[in-house]
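Residue-level structure breakdown
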Amino acid sequence: MSAVLPTQADRGGPAQPLLRVTDLSKHFAVRNGLFGRVQQRVHAVDGVSFSVAKGETLGVVGESGCGKSTTARLIARLLKADAGEMVFDGDAVGAYGGLALKDYRRSLQMVFQDSFASLNPRLTAIDTIAYGPQVHGLSKAAARQRAAALLARVGLAPEQFGSRYPHELSGGQRQRVNIARALAFEPRLLILDEAVAALDKSVQAQVLNLLQELKAERELTYLFISHDLQVVHYLADRVMVMYLGRVVEIGPVAELYAQPRHPYTRALLAAVPSMDPARRTDQSPLSGDPPNPINPPSGCRFRDRCPHAQAVCAEQVPVLRETVAGHWAACHLDDPRSGHAEAPVLLS
Amino acid sequence: MTAPLLSVRGLGVQFVGERTVAALSDVSFDVEAGEVLGLLGESGSGKSVTLRTLLRLHSPRRTRISGQILLDGQDVLGERELQHCRGGAVSMIFQEPGMAFDPVYTIGDQIAQAVRAHEDVSRETARARALQMLDRVQIPQAKRRLDAYSHELSGGMRQRAMIALALACKPRLLLADEPTTALDATVQIQILLLLRELQRETGMSVIFVTHDIGAAVEVADRIAVMYAGRIVEENRVGEIVASPRHPYSAGLVASTVSAAQRGQVLPTIGGSPPDLSALPAGCAFAPRCVRAGAQCGQQPPLVRAGTKALACWHPVSPGSMR
């Protein structure tokens, strides 16, 4: 490792979460009407809190518009949050006396869904990967050498692919270049925002295998955002389910898939095709589309699609409660004190 | 045995330009009346080209088509009155419902227009039919949506409206080109169930193109797997999933991610799909195939036996999966 770009060392030990996010919020203003006044706000992310332990893969699932990509962009600081704070390995991000943004950005990298749009069309694969480290002060020769090694590591021979431009690569190869570029900073956290969604199934499996290998080899921590529940089930250690800008459930993967507590999680899981023609789905778990995040329903945001909704769901916002160790859900059904008729009775 | 509704024989499509791309080569298949055929394949396998060629949606200047397409015994490729066929006997739904609708006309107008183009009915009757169709595809408040523009509808609603438009003239064959790919999972299953229900009610035939085995299993009776512009295997849906014979189909089925594989390395098909402008001689899958031998330098013929068809010199033996 070159002295110019030192890796950020582990500071808090394994027990301290790598990233802790508290009450993250982002509202986008919708301007219309006379003189472009702000008339409405899109509640893209609303009070999201979670933490990512060192070396784990946190899967984030939800439908389009649920705020999962906005959350990723807020964490990567591609967008500035309206409220909330982030603590990276014990250091507050961007705060006085905390971790400087420049250092934070180096310890965290992102891979996007659209492999073509996220690469500069005028840079070759080698130049793309070497660009960032060079900007951060590595010599050109050292940066290119590192780029070649990374390219080889993600399965693209540098002699053959190094001088190719993005349009000369296939979708799977481009995504490998994107992964190599993200690794060039020796990051500790990698945010994968639908990184395998646009790939063909046979290529997707190759990239998933590569991600697994890299994680073990470099002690990486993944924030894996996806709408594909099967891929998340395969890859993630813990899963966070989002709906209309809020976290509705978070828990260990096996537990959450076996015993989903929130009705929305149950519906999402039931919507996965069965792969068995003898056991076809005969009833749709949910009706309608996700509602508009401009005017989310009061109380529980899922209530207008929820089969169990009652008056209490419109009045009170359910909070995340821990039901089984490590498994949190935000539903009145789960809370004996909520006043929901179907909630379990409290045993005193 | 009655003649199939659609019968495609030796269909080849080439796009000419700076490079010549062989998008389809010698594709033959039948679709019986009331049957749902799934065309499964990755990007560039020729599944969408097949559908578009059935309605001749490609630019005639740059497309060379060979072979025969018989709809009810009539040659569609040679037919002068293609306009009758489009939207009438055969209609199509697309992946991007937002692109399929004209943004400056209301949904109701567009459905009514399609009805009037094929049937000699009054404006009022056509509009009544449009309303009835929107009801049929379970669009809530159908009366109000009749006067909505496509951008005012959500993705799932738009896809329903497109299905209403496609079915307004009671087609006998519906071509569905990845209709659920752009939708969320909870909406996707609703649309798949709707398509299945409408198919059962009307008895129409459907060709359902998808890259998602899961979606194909939910709707199709039979599946044809395509690779590099050819059908490599065809079989009933249950058998394709349980015991695929072509190494490519076997690889596709095996690379479907499931929870049972947690912590294990996923089985993959090495390499990537071939360049259609420079196809290798012989079997196009051979460079990626672990079972490839000397014989694979020759194109394997698609051998039919009953409902099955297979084009492979060294097929996976039945029952060896799992």
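These numbers were taken from a predicted model, which means no experiment stands behind them.

1. Re the overall build of chain B
- The helix and strand tally for chain B stands at 11 helices and 12 strands.
- Projected onto its principal axes, the C-alpha positions of chain B cover 65 × 50 × 45 Å.
- Per-residue burial over chain B gives 48% buried out of 322 residues.
- For chain B, the share of sequence-separated contacts (at least 6 apart) that also reach a separation of at least 24 residues comes to 64%.

2. Overview of the overall build of chain A
- When you go through chain A residue by residue, the secondary structure sums to 11 helices and 12 strands.
- Radius of gyration (C-alpha) of chain A: 22 Å, near the 20 Å computed for a compact globule of 348 residues.
- C-alpha extents for chain A along the principal axes are approximately 70 × 55 × 55 Å.
- Partitioning the intrachain contacts of chain A with sequence separation of at least 6 by distance along the chain shows that 64% fall at a separation of at least 24.

3. Re the packing of helix H3 (residues 125-135) of chain A against helix H4 (residues 140-153) of chain A
Residues and elements named next belong to chain A.
- In contact at an axis separation of 8 Å, H3 and H4 are set at 125° when each is read in the N-to-C sense. Between H3 and H4, the angle falls in the class oblique. Note on packing geometry: the crossing formed by H3 with H4 is right-handed. Across the interface between the two elements, Ala-125, Ile-126, Ile-129, Ala-130, Pro-133 and Gln-134 from H3 touch Lys-140, Ala-143, Arg-144, Arg-146, Ala-147, Ala-148, Leu-150 and Leu-151 from H4.
- Of the residues assigned to the contact of H3 with H4, the class counts are 10 nonpolar, 1 polar and 3 charged.

4. Let's talk about the sheet that holds strand S7 (residues 189-193) of chain A
All names here are of chain A.
- Taking strand neighbours across the sheet as the criterion, the 8 strands line up as S6-S7-S8-S3-S9-S10-S12-S11 in an open arrangement whose pairing is mixed. With partners counted over all chains shown, the strands left at the sheet margins are strand S6 (108-111) and strand S11 (321-324), one partner each. Across this sheet, the average inter-strand angle for adjacent strands is 20°, counted without regard to direction.
- Summarising the sheet, strand S3 (residues 57-61) and strand S8 (residues 221-225) pair through 4 bridges and their orientation is parallel. The residue of S8 that forms the bridge with Val-60 is Ile-225.

5. Quick look at the interface of chain B and chain A
- Each side of the interface is counted separately: chain B has 36 residues, and chain A has 34 residues.
- Contributions of two or more residues to the side of chain B that touches chain A are made by helix H7 (155-167), helix H8 (185-202), helix H9 (213-219), helix H10 (237-242) and helix H11 (247-254) of chain B.
- Element by element, the count of residues in the side of chain B that touches chain A is highest for H8(B), at 6 residues.
- Of the residues contributing to the side of chain B that touches chain A, the split by class is 16 nonpolar, 16 polar and 4 charged.

6. A word on the pairing of strand S10 (residues 246-252) of chain A
Residue and element names in this part refer to chain A.
- Along S10, 6 of the 7 residues are buried, which leaves the element largely enclosed by surrounding structure.
- Sheet analysis places strand S9 (residues 238-243) next to S10, joined by 6 bridges and oriented antiparallel. Paired with Met-240 across the strands is Ile-250, a residue of S10.
- The loop that links S9 with its antiparallel partner S10 comprises 2 residues; one of these, Leu-244, has a positive phi angle of about 45°.
- Relative to strand S12 (residues 327-329), S10 is paired through 2 bridges, and the arrangement is antiparallel. Its bridge partner being in S12, Glu-249 is matched across the sheet by Ala-329.

7. Some remarks on the domain arrangement of chain B
All names here are of chain B.
- As far as domains go, chain B holds domain 1 (6-89 + 171-310) and domain 2 (98-170).
- Of note, the centres of domain 1 and domain 2, computed from C-alpha atoms alone, are 29 Å apart.
- Taken together, the contact pairs 13 residues of domain 1 with 14 residues of domain 2.
- With 6 residues, H8 is the single largest residue contributor to the side of domain 1 that touches domain 2.
- Considering only residue class, the side of domain 1 that touches domain 2 consists of 9 nonpolar, 4 polar and no charged.

8. Observations regarding the sheet that holds strand S5 (residues 74-75) of chain B
All names here are of chain B.
- Taken together, the 4 strands give an open sheet; going across it, the order is S2-S1-S4-S5, and neighbouring strands pair in antiparallel fashion. At either end of the open sheet lies a strand with only one pairing partner, and these are strand S2 (21-31) and S5.
- With 2 bridges connecting them, strand S4 (residues 63-71) and S5 associate as antiparallel partners. Bridged to Leu-70 within S5 is Asp-75.
- Lying on the sheet, helix H1 (residues 47-54) is in contact with strand S1 (6-15), S2 and S4; it crosses S2 at an angle near 70°.

9. Comments concerning helix H7 (residues 201-218) of chain A
- With 18 residues, H7(A) should cover 26 Å at 1.5 Å per step; its first-to-last C-alpha distance of 26 Å lies within 8% of that length.
- Looking at the buried positions of H7(A), the neighbouring elements they touch are helix H6 (171-183) and helix H8 (229-235) of chain A together with H11 of chain B.
- One or two residues past the end of H7(A) sits Glu219(A), with phi positive at roughly 50°.

What counts, and at which threshold
- Residues numbered from 1 in each chain as written.
- Chains lettered and ligands numbered in written order.
- Predicted model: local features only at pLDDT ≥ 70, side-chain atom pairs only at ≥ 80, totals over all residues.
- Helix = DSSP H or I, 4+ residues; strand = E, 2+ residues; numbered from the N terminus.
- Buried ≥ 20, exposed ≤ 12 C-beta atoms within 10 Å, placed from the backbone.
- Contact = placed C-beta atoms within 7 Å.
- Rg over C-alpha atoms; globule rule 2.2 N^0.38 Å.
- Axes fitted to C-alpha atoms, helices over the stretch in contact; angles between N-to-C directions.
- Parallel < 35°, antiparallel > 145°, perpendicular 65-115°, else oblique.
- Left-handed = near helix turned anticlockwise from the far one by under 90°.
- Nonpolar A, V, L, I, M, F, W, Y, C, P; charged D, E, K, R; others polar.
- Pairing = 2+ DSSP bridges.
- Domains from an automatic or database assignment.
- Expected span 1.5 Å × (residues − 1).

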